[in-house]
Each structure stands twice: as structure tokens, then as C-alpha cells.
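Structural features, examined
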Amino acid sequence: MIVVFCIALNVILVSGSSLSDRVYQTPAHVFNKPKEMAKINCSHSIDSYNQILWYKQSNRQLQFLGYMFSTSGNPEAGLGVKIEGSAEKDQNCTLTIEELSLSSSAVYFCAAR
Ligand SMILES: *[C@@H]1O[C@H](CO)[C@@H](O)[C@H](O)[C@H]1NC(C)=O
Ligand SMILES: *[C@@H]1O[C@H](CO)[C@@H](O)[C@H](O)[C@H]1NC(C)=O
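For clarity, every value in this text was computed on a predicted model and none was experimentally measured.

**Some words on the site of ligand 1**
In the region of ligand 1, the neighbouring residues are Thr-26, Pro-27, Lys-39, Asn-41 and Asn-92. One of the side-chain nitrogen or oxygen atoms of Asn-92 is found 2.8 Å away from an oxygen atom of ligand 1. Coverage of ligand 1 by the protein amounts to 41% of the 360 Å² it exposes when considered alone.

Printed below as a string of C-alpha cells:
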């Protein structure tokens, strides 16, 4: 039996509202099987911003997954996620969900500051 996951994505910006159209997330959707991994990229084009924060939203709760400061990833412990790449302007910060389970199905947000 194959279980299909839908990980829908969205973008928000924490500090300032008019800059949110300069934060980008790809791909828009990820469909993977249990035990596989999923990768999501976030980038921004805002001068002087160098942090990307990741959140998971499920059951109306927003869970902080960790952040990247410049090129240093700081995932929260015990969540099975990696944060790699760069949070500098026009670079990709990659969130990896290492082993998908049913509870991985959620909306994942990134924010830049
Ligand atoms: C994420 O960004 C990295 C580095 O730029 C790139 O190699 C990779 O293909 C991208 N992956 C996705 C899922 O967009
Ligand atoms: C970031 O990832 C996207 C795909 O997710 C890719 O199109 C783009 O070239 C990447 N940017 C950099 C700077 O690697």
C-alpha cells in the first residue's frame, strides 16, 4: 500500500509585511512516501537580511523547526530536520525532513529577517 503525502507550502515574512513578496519557497508541493525524505528551499532577495526561520503548521499550531543564520544551520533538537545552505540574499536555505511519517503532512512556512 502506498500512502501519499501532501506537504503544501507557503511563505510568510516575520518582520515587515510589504517585503513578503521577496521571500520565495520551492517547490510549492511535495508528495512523497513514508520513510522518504523531503527537501524544501527558501530564499529571499532582501538586502541585509541573513536569517531564515522555518515553521511547521498542523492542527492550527505553528511549530518552530529551527533557523539559519548566514550559513550556519540551527535545527531544533529531536525533530528530525536539517537546515543547510545559506540565508544570505539570493541563496537557498534547504529544510530537510529526514524521514517522513503521517504526521509530516503539514504546511511548512519560512520567514526571512
Ligand atoms: C534547493 O537549492 C539547492 C541549492 O541551490 C539546489 O541544488 C536544489 O536543487 C534545490 N532543491 C529544491 C527542492 O528546490
Ligand atoms: C535555488 O533553488 C532553486 C530551485 O529551488 C533554483 O532554481 C535556484 O537556481 C537556486 N538558487 C541558487 C542561488 O542556487
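**A few points about the nonpolar core**
Ranked by internal contacts, the top residues of the largest apolar core, which has 22 residues, are Ile-52, Trp-54, Leu-95, Ile-97 and Tyr-108. Counting only elements with at least two residues in this core, the list comes to strand S4 (38-44), strand S5 (51-58), strand S6 (61-69), strand S8 (81-85), strand S9 (93-97) and strand S10 (107-112).

**Notes on unusual backbone geometry**
Between Thr-26 and Pro-27 the backbone carries a cis peptide bond, its omega angle lying at -10 degrees. One can find Pro-27 in the loop between strand S2 (23-26) and strand S3 (29-30). You will see that Arg-60, though not glycine, has its phi angle at about 65 degrees, which is positive. Within the element layout of this structure, Arg-60 appears in the loop between S5 and S6. Judged by relative accessible area, Arg-60 falls into the exposed class, the value being 84%. Although it is not a glycine, Ser-70 sits at a positive phi angle of roughly 55 degrees. Relative to the elements of secondary structure, Ser-70 occurs in the loop between S6 and strand S7 (72-75).

**Some thoughts on the site of ligand 2**
Taken together, the residues surrounding ligand 2 are Thr-26, Asn-41, Asp-90 and Asn-92. Thr-26 places a polar side-chain atom, nitrogen or oxygen, 2.7 Å from an oxygen atom of ligand 2. Interatomic distance of 2.3 Å between a side-chain N/O atom of Asn-92 and an oxygen atom of ligand 2. When ligand 2 is considered free in solution it has 360 Å² of accessible area, and contact with the protein chains removes 37% of it. In terms of residue class, the shell around ligand 2 is built from no nonpolar, three polar and one charged.

**Points about the state of the cysteines**
Inspection of the entire model under this criterion finds one disulfide. Covalent S-S linkage joins Cys-42 and Cys-110, the inter-sulfur distance amounting to 2.0 Å. As the torsion about the S-S bond is roughly 70 degrees, the Cys-42-Cys-110 disulfide counts as right-handed. Taken together, the positions of Cys-42 in strand S4 and Cys-110 in strand S10 put the pair 68 residues apart, joining distant regions of the chain. Accessibility assignment for this pair places Cys-42 and Cys-110 in one class, buried. No disulfide involves Cys-93; its nearest neighbouring cysteine sulfur is the one of Cys-42, lying 6.5 Å away.

Conventions used here
Residues numbered from 1 in each chain as written. Chains lettered and ligands numbered in written order. Predicted model: local features only at pLDDT ≥ 70, side-chain atom pairs only at ≥ 80, totals over all residues. Heavy atoms only, no water. Near = heavy atom within 4 Å. Polar contact = N/O pair within 3.5 Å; in protein donor to acceptor, adjacent residues only side chain to side chain. Areas by Shrake-Rupley, 256 points an atom, 1.4 Å probe, with all protein chains shown as cover. Core = buried A, V, L, I, M, F, W, Y, C linked by side-chain atoms within 4.5 Å. Buried < 20%, exposed > 50% of the residue type's maximum accessible area, 1.4 Å probe, protein only. Helix = DSSP H or I, 4+ residues; strand = E, 2+ residues; numbered from the N terminus. Nonpolar A, V, L, I, M, F, W, Y, C, P; charged D, E, K, R; others polar. Disulfide = S-S within 2.5 Å.

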